[in-house]
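Residue-level structure breakdown
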Amino acid sequence: MNFSLSRTLISLLLAAAPLVSAQAQEKVLNLYSARHYQTDEALYNGFTQQTGITIKRIEGKEDELLERIRNEGANSPADVLLTVDAARLAAAHEMGLFAPLRSPLLEARIPAHLRTGDWFSFSIRARVIIYAKGAVKPEELQTYSDLANPRLKGKVCSRSGSHPYNLSLMASIIAHQGEAKAEEWARGVVANFARPPKGGDTDQIRAVAAGECAVALSNTYYLARLMRSDKPEDRQTMERIVIVWPDQKDSGAHINVSGGGVLKNAPHREAAVKFLEYLASDGAQRYFADGNNEWPVVAGVKVSNPALEALGKFKADTLPVGSLAMYRAKAQMIFDRAGYR
């Protein structure tokens, strides 16, 4: 090979390098996920089968993942962050981790109140009230406000007020009623505690069923999981409690979301956008419902989940998820002042 031909070949190879690199990038997606569900494997496999893009996943606790992404900075390999609850998604936004995203497909399929300029909700869970059968008159427990009524003194169980599920609920109360009313509510609930807050939502459900307390809050995801369980003790737990959809004559039941966004330093942005758009597809939305006991965010998606069907129809609060983010810090301050720890 003469020198001139060699130079020409090298030039052609160098010119093609960016194209080869771009094509290689499109075939990989680095996902940081705080969704710790084995059933999500089917969801991710569906994306790879449709697109040929391989998902490389790192799972961890929410706060650890946020800190890791921030510490990695411009060199972060992460393309997408998925996590549960608006409070956690808001924290990622406040840390400047997400990149703004305009997607006509996402904007068309996901209702406006369930998305922001840089993160999107893909599934819904409602925060409901539960009580032990015979322990409370149904008419006495129809709203979140009723949890602060003195007649429930010594009857309420709860997980920590610093947990994002409760922070999101408090943020919604602030948005609807103002800070003064929200703090009055928090102090009333604290006065009604049967014991100091501890455990997760499933622990609250079991505590109510066991008679440790009469009333608690839970996300529907945990209730549906127990309803679908094959364990006799789980079925017995559900037989002992009543589920209340709060505030059905007013703003509706507070909802929590699972969602995510494209990260600011994503090295595979095109693949990241494709993945988020895939999560809004009918197939993925059905998976969230049938595989993991969460409601779809996309209207009209037909699901087949006996637990969700048994929970029935309900009026959901349509407060924008951005508002929940706005009041997250105030929610924590109110809980701290009220002793809801």
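An unreviewed UniProt entry annotates the protein chain as Fe(3+) ABC transporter substrate-binding protein originating from Candidatus Accumulibacter contiguus.

1. Overview of helix H2 (residues 40-51)
With 12 residues, H2 should reach 16 Å at 1.5 Å per residue; the first-to-last C-alpha distance of 17 Å fits that figure. Every buried residue of H2 is listed here: Asp40, Leu43, Tyr44, Gly46 and Phe47. Here the buried residues of H2 occupy an arc of 150 degrees about the axis, which is enough to place them on one side. Considering only its buried residues, H2 is in contact with strand S1 (28-33), strand S2 (54-59), strand S3 (80-84), helix H11 (269-279) and helix H12 (282-292). Downstream of H2 by one or two residues, glycine 52 has phi in the positive range, about 80 degrees.

2. Considerations on the environment of glycine 117
Tracing the backbone shows glycine 117 in the loop between helix H5 (104-109) and strand S4 (120-132). Glycine 117 sits 14 residues away from serine 103 along the chain, and the two C-alpha atoms are 10.0 Å apart. With sequence-adjacent residues up to four places away left out, glycine 117 is seen in contact with Pro100 and Leu101.

3. Remarks on the pairing of S2
Look at any regular strand and the pattern is simple: side chains alternate between the two faces of the sheet. For S1 and S2, the ladder comprises 6 bridges, and the chain directions are parallel. Its bridge partner lying in S2, valine 28 is registered against threonine 54. With respect to chirality, the unit in which S1 leads through H2 into the neighbouring parallel S2 is right-handed.

4. So, the state of the cysteines
By the definition in use, this model includes 1 disulfide. Here cysteine 157 engages in a disulfide with cysteine 213; their sulfurs sit 2.1 Å apart. Taking the sign of the S-S torsion, about -120 degrees here, the bridge from cysteine 157 to cysteine 213 comes out left-handed. A residue pair is termed long-range when its members are at least 10 positions apart, and cysteine 157 in the loop between S4 and helix H6 (164-177) and cysteine 213 in the loop between helix H8 (201-210) and strand S5 (215-219) qualify at 56 residues. As far as burial versus exposure is concerned, cysteine 157 and cysteine 213 are alike and both buried.

5. Section: the pattern of salt bridges
In total, this model carries 20 salt bridges according to the counting rule given. Across the salt bridge formed by arginine 127 and aspartate 201, the nearest N and O atoms sit 2.8 Å from each other. With arginine 127 in strand S4 and aspartate 201 in helix H8, this pair connects stretches of sequence that are 74 residues apart. With respect to class, arginine 127 is no different from aspartate 201; both count as buried.

6. A look at the packing of aromatic side chains
According to the stated counting rule, one finds 12 aromatic pairs in the structure shown. Where phenylalanine 47 meets phenylalanine 275, the ring centres are 5.1 Å apart and the plane angle is 80 degrees; that geometry is what we call edge-to-face. Remark: phenylalanine 275 occurs in helix H11 and phenylalanine 47 occurs in helix H2; sequence separation between them is 228 residues. Each member of the pair, phenylalanine 47 as well as phenylalanine 275, is classed as buried. On the basis of an interplanar angle of 55 degrees and a centroid distance of 5.4 Å, the ring pair of phenylalanine 47 and tyrosine 278 is categorised as tilted.

7. As for the nonpolar core
If you look at the biggest cluster of nonpolar residues, it comprises 107 residues, and the most contacted ones within it are Trp185, Val215, Phe275 and Leu276. Of the residues forming this core, the biggest block, 9 residues, is contributed by S4. If we skip the residues at most four places from it in the chain, phenylalanine 275 touches Leu29, Leu31, Tyr44, Phe47, Ile55, Val80 and Leu82.

8. Quick word on the side chain of aspartate 317
Within the element layout of this structure, aspartate 317 appears in the loop between helix H13 (306-311) and helix H14 (321-326). A distance of 3.1 Å separates a polar atom in the side chain of aspartate 317 from the backbone nitrogen of leucine 319.

9. Here we look at the packing of H8 against helix H10 (residues 232-239)
Closest axis-to-axis distance for the H8/H10 pair is 9 Å, and the angle between their directions is 70 degrees. By the angle between their axes, H8 is roughly perpendicular relative to H10. Along this stretch, H8 crosses H10, giving a crossing that reads as left-handed. Contact with H8, carried on its side by Ile205, Arg206 and Ala209, involves Asp234, Thr237 and Met238 of H10 and no other residues of that element. Per-class residue counts for the contact of H8 with H10 are 3 nonpolar, 1 polar and 2 charged.

10. Comments concerning unusual backbone geometry
Backbone geometry at aspartate 85 places phi at a positive 95 degrees, although glycine is not the residue there. Following the sequence through the fold, aspartate 85 ends up in the loop between S3 and helix H4 (86-94). In the Ramachandran plot, aspartate 247 falls in the positive-phi region, its phi being about 55 degrees despite a non-glycine side chain. The topology assignment puts aspartate 247 in the loop between strand S6 (241-244) and strand S7 (255-262). The buried category is assigned to aspartate 247, whose relative accessible area is 11%.

11. Description of the packing of H8 against helix H9 (residues 220-227)
Packing of H8 against H9 leaves a shortest axis separation of 9 Å and a crossing angle of 60 degrees. In the crossing of H8 with H9, the sense of the turn from one axis to the other is right-handed. Across the interface between the two elements, Asp201, Thr202, Ile205 and Arg206 from H8 touch Tyr222, Leu223, Arg225 and Leu226 from H9. Looking at the contact of H8 with H9 residue by residue, the class counts come to 4 nonpolar, 1 polar and 3 charged.

The rules we used
- Residues numbered from 1 in each chain as written.
- Predicted model: local features only at pLDDT ≥ 70, side-chain atom pairs only at ≥ 80, totals over all residues.
- Heavy atoms only, no water.
- Helix = DSSP H or I, 4+ residues; strand = E, 2+ residues; numbered from the N terminus.
- Expected span 1.5 Å × (residues − 1).
- Buried < 20%, exposed > 50% of the residue type's maximum accessible area, 1.4 Å probe, protein only.
- Arc of directions from axis to C-beta.
- Contact = heavy atoms within 4.5 Å.
- Pairing = 2+ DSSP bridges.
- Right-handed = clockwise from strand over helix to strand, strands pointing away.
- Disulfide = S-S within 2.5 Å.
- Salt bridge = Lys/Arg side-chain N within 4 Å of Asp/Glu carboxyl O.
- Phe/Tyr/Trp six-rings, centres within 6.5 Å; stacked < 30°, edge-to-face > 60°.
- Core = buried A, V, L, I, M, F, W, Y, C linked by side-chain atoms within 4.5 Å.
- Polar contact = N/O pair within 3.5 Å; in protein donor to acceptor, adjacent residues only side chain to side chain.
- Axes fitted to C-alpha atoms, helices over the stretch in contact; angles between N-to-C directions.
- Parallel < 35°, antiparallel > 145°, perpendicular 65-115°, else oblique.
- Left-handed = near helix turned anticlockwise from the far one by under 90°.
- Nonpolar A, V, L, I, M, F, W, Y, C, P; charged D, E, K, R; others polar.

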